[in-house]
Amino acid sequence: MKRAPRTTWLIHLGLAAGAILMLYPLLWMISSSFKPPSLIFRDLGLWPSATTLDNYRYGWTALNIPFSRFFLNSFLISSLSVIGTVISASFTAYAFARLEFRFKRPLFALMLMTLMLPGHVTLIPQYVLFLRLDWINTFYPLWVPSFFGGGAFFIFLNVQFIRSIPRELDEVAEVDGANHFQVYWRIIFPLSLPALITTAVFAFLWSWDDFFSQLLYISDIRLHTVPLALRAFLDSSGESSFGPLFAMSTLSLIPVFVLFVLAQRFLVQGIATSGVKG
Amino acid sequence: MRRLVAVLLVCLLGTAVFAQTPLRLAWWGGDARHALYNELADRYEQQNPGVILDREFAGWGPYWERLATQVAGGNAPDIIHMHEAFLTEYASRGTLLDLTPFVEDGTLDLGDFPEGIVDAGRAGDAIVMVSLGNSSSGTHYNTRLFDEAGLPYPTFDWTWAEFEETAIAISEAHGPGVYGASDQGGWDATLELFMRQRGKTLFDGNALGFTRDDLVEYWSIWQRLREAGGVPPADVTSERSSAAHQDSMLVHNVIAMQLMSGNQHRLFQQYTDDGLGLTTLPRPNDPAAPAGDVISGAYISVSSRTRNPVEAVRFVNWLVNDPEVARTYGGEHGPPGSVLMQEAIADQMEPADQRLMDMMQYIAPTAGLGEVRPQNAGEVLSAFTTVHEELMFGRHPSVESAVDAFFAEADFVLN
Amino acid sequence: MVHWAQRTVRTLRRNGRDGVAPSPRRDHRSRRARLENRVAYIFLAPWLIGMVVFAIGPMLISLYLSFTRYDLFTEPVWTGLDNYTRMFFRDTRWRTSLEVTSAFVFWTVPLRLVFALGVAMVLNRALRGVSLYRAIYYLPSLLGGSVAIAILWRQVFGSQGLLNQVLAPLGLPTTSWIANPDTALSTLIILGVWQFGSPMIIFLAGLKQIPKELYEAANIDGASKLAMFFRITVPLLTPIIFFNLIMQMISSFQSFTPAFIISGGSGGPANSTLFYTLYLYQQAFSSFRMGYASALAWTLVLIIALFTVVNFVASRYWVFYQDEGKK
């Protein structure tokens, strides 16, 4: 059914108005990244009264190593995390959503409990663990765990999506002689694609932004990630460089934002879910 | 012969390569300091083949969280930047190397350090840290706002009474939106100063070193100033409580005087076109009472679990005693500890640095170190800030009741 | 007239009524069941290994530490229930942090979910540039607790802020809303609601999974948009609503970064934004009381678990799963 053009126009108007509310801090940050540092906190308007590229020039090389290196490191860690999370969360979720096994309920409860415990109190034992594995100052602590379950948030997310797929589909396949692995591969995996893409997007963003783990496990400047490099501009006890911080933050948002749009486009257009026939 | 030398050289170089000593060096700071330290570390590596400095740096907050985790996990960096606020926590648990033997055998030369500065690095009898620069807190003021109000600049010997009068006079002269001074009722540095001027201390062993009456008097100063408009209203003060220099009330001309650490003076000056001045914190009204200034600073330590104590101490010695280093370092943490180093950088000081130096020289005869703080002192002091905020916002019917609330809180934390 | 919808809902009702996945009574000794059990553990293997290697150990250690005095640098000393009695009977700041956090959870979770679902419904249409809109509406969450947001918040809720410029001419009271202990938390709740991006994206994925045939059938029957929303969209989306509810609740109880927006992480002014995990963090890393912090953490686990269990029980009455067929 085609919507009346007027309604569409009105929706666009409403969305655009809301978008300004959402975009404002980003616009402010971009504008500030072009202001001379002395103006950033004096001239709070969106349109800079004087502009400069110095923040970008200085920020890119402020840490002796060009920022491209930090982008590369972050990309590597986030990409590996995405792969690990998508595969292992989907696997685990399938078992919880579709299969019967002993200790199912206690294991499910245990899984949720890992989310409820604030990470600050497991930090030190975890640090000692990675120290014993000789993983300090490597990327391993930042991506290897994602291959082992990928975190309770994503498992639970995928459980809920898989459980929204009618079981009749599995049964039809089973009648055709498919075993559990085939059911997973032919039915569950393709039909939970929206959930998997969402999983991939969040896994990427969250590992990209995971400042504290990166801080603990990475110290070598050549292994620095984007968040570590950004935070190097800030020091609450002394001098902070907000101009370069905003400049590099702006740059660091571009790839993440583009990736996000692409993933959503794929979700909107790419998946031909003709619908799940119940 | 030449061949032999060549072979020898290769052997020496070879062993040098294999005998590399990696030292982990950790500091806090922003990008400017990171660049400075990287430059120094590169220089040290060049001058000392075989030594590799692995660098770990972060901003103030993350630095301490990472350090705590590393030390707890048994993986402390070899060379650690220290601060007196955390000294008790680290030193009392044996995580810092006793440097006294190295001072005795000459590896670490503290001969040009004033005795008081050396003592600042002691925990018990052991020297556990060495000063990188010291400064005291002072009053940073905007000369233009004073000129426009037709008021004389505060002098080094001004008193709390004069401070109150000046703050109110400035507010009155400039009208709404501009205030005399920052509200420091919740700041532990002025509290400590005030108590020392009364012959008291912040802590006495594992208890508070001052009485309820002392605190009533201290908070009453600020209560009077708030009522008279000499300091900004509570919500304005609280709004900027954690603002960076470039965003501070002093730089934005909201206040004419900011009481703060002296080593921040050049940063304030960097972000304002108005001329700034620096003077002491207010002196006691009673001329016979002590001035009470506290010397504070940044320090460097060596981990007690380092595998290369000698190499680590050699680096520390280089950092605090090499004139070339001092000229690069340029009083990053305030005037350097060693008198020789102070002389080495005398000719490269900017006006703002000079003002800090002048103030430091004025207070030097009477200034002293803060007393050793008990464990959990930091928590008591943050409770102090919190209760003062409650007082500012009128959550306590009187200063007395706020004081009672603070004493109850301190009692809970310390016991 | 609405027979299609009744039928859908009736089918759904007949289906799963359970929080977790259904567990139809079956004879576990049967070969089939044993096979399924084995297959399940193969699927679970990576996660189980991860739990044993990375998660369980640190969790048990922190549980143990909660019964000790542990200052990070010296060996922990067993103190029995001391940490817990201190918390429950003497620590007023713990009570404050619990109140602050509860208020935050109470307002943020439902409001955020309503916004997320509302905007997701709009962004689920075949509009031009809809992917871009999605990204833009996710932006506030992407920026998280950055400096830019801190400054924006002061520009809006500060003493010279936008809100005061509107209120002042109307003769209404003005204050620095972010710095006044009476209102600071409210501005953080608004911030929390404004960052509704994550649940919105998850709702969008859920909406994508609803079969279009249902809407087409309803359309033919002449059902109104509203009827379709309440009879198709909502029931079929309940597993996802439930997921977002649980996850938002857990993460709101653990809110930490918002406090950095206005107080630089001190929990001020006057402890009015002292979130539970912020207090816990201060105890662990500023006061070096890791034993006490662990006790705080495990108490929080109990609180969250209680709410979660209640929700799982309640979910039997309003969450409809598709996965129980005719078995």
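Residues numbered from 1 in each chain as written. Chains lettered and ligands numbered in written order. Predicted model: local features only at pLDDT ≥ 70, side-chain atom pairs only at ≥ 80, totals over all residues. Heavy atoms only, no water.

Quick word on the overall build of chain A
(1) Moving on: Scanning chain A from N- to C-terminus turns up 13 helices and zero strands.
(2) Moving on: Taken from N to C terminus, the helices and strands of chain A fall in the order α-α-α-α-α-α-α-α-α-α-α-α-α.
(3) Moving on: The principal-axis extent of the C-alpha atoms belonging to chain A is close to 70 × 65 × 30 Å.
(4) Moving on: Counting every position in chain A, which comprises 278 residues, the buried fraction comes to 58%. (Helix = DSSP H or I, 4+ residues; strand = E, 2+ residues; numbered from the N terminus. Buried < 20%, exposed > 50% of the residue type's maximum accessible area, 1.4 Å probe, protein only.)

Remarks on the confidence of the model for chain B
(1) Moving on: In the predicted model, chain B carries a mean pLDDT of 91, and 95% of its residues have values of at least 70.
(2) Moving on: Ignoring residues within four places in sequence, the model shows residues 8-18 of chain B, a span with pLDDT below 50, making one contact including any to other chains. (pLDDT = per-residue confidence, 0-100. Contact = heavy atoms within 4.5 Å.)

Quick notes on the pattern of salt bridges
(1) Moving on: All told, the structure shown has 35 salt bridges over all chains when counted by the stated rule.
(2) Moving on: Its salt-bridge partner being Arg222(A), residue Asp220(A) comes within 3.0 Å of it at the nearest N-O pair.
(3) Moving on: Between Arg154(C) and Glu239(B) there is a salt bridge, and its shortest N-O distance comes to 4.0 Å. Of this pair, Arg154(C) sits in helix 6 (residues 147-157) while Glu239(B) sits in helix 11 (residues 234-239), placing the two residues on different chains.
(4) Moving on: Relative accessible area serves as the criterion here: at 15%, Arg154(C) is assigned to the buried category.
(5) Moving on: Taking the relative accessible area as the measure of exposure, Glu239(B) reaches 9% and is therefore buried.
(6) Moving on: One network of salt bridges, in which partners are shared, links Arg198(B), Lys200(B), Asp214(B) and Glu217(B). (Salt bridge = Lys/Arg side-chain N within 4 Å of Asp/Glu carboxyl O.)

So, the nonpolar core
(1) Moving on: Counting residues in each nonpolar core, the largest one holds 263 residues, and the members touching the most others are Phe96(A), Phe156(A), Met82(B), Tyr90(B), Tyr137(C), Met200(C) and Met290(C).
(2) Moving on: The next biggest cluster of nonpolar side chains, apart from the first, holds 47 residues, and it includes Ala189(B), Leu215(B), Phe406(B) and Phe412(B). (Core = buried A, V, L, I, M, F, W, Y, C linked by side-chain atoms within 4.5 Å.)

Points about the interface of chain C and chain B
Interface size, as often reported, equals the accessible area lost upon joining of the parts.
(1) Moving on: On the side of chain B, 28 residues touch chain C, which itself brings 33 residues to the contact.
(2) Moving on: Surface buried jointly by chain C and chain B totals about 2600 Å² across both partners, of which 49% is contributed by carbon and sulfur atoms.
(3) Moving on: Applying the counting rule to chain C against chain B returns seven salt bridges.
(4) Moving on: Taken together, chain C and chain B are joined by 16 residue pairs in polar contact (both at pLDDT 80 or more).
(5) Moving on: Here the side of chain C that touches chain B gets three residues from one element, more than from any other, and that element is helix 13 (residues 276-286) of chain C. (Buried area = accessible area lost by both parts, 1.4 Å probe. Polar contact = N/O pair within 3.5 Å; in protein donor to acceptor, adjacent residues only side chain to side chain.)

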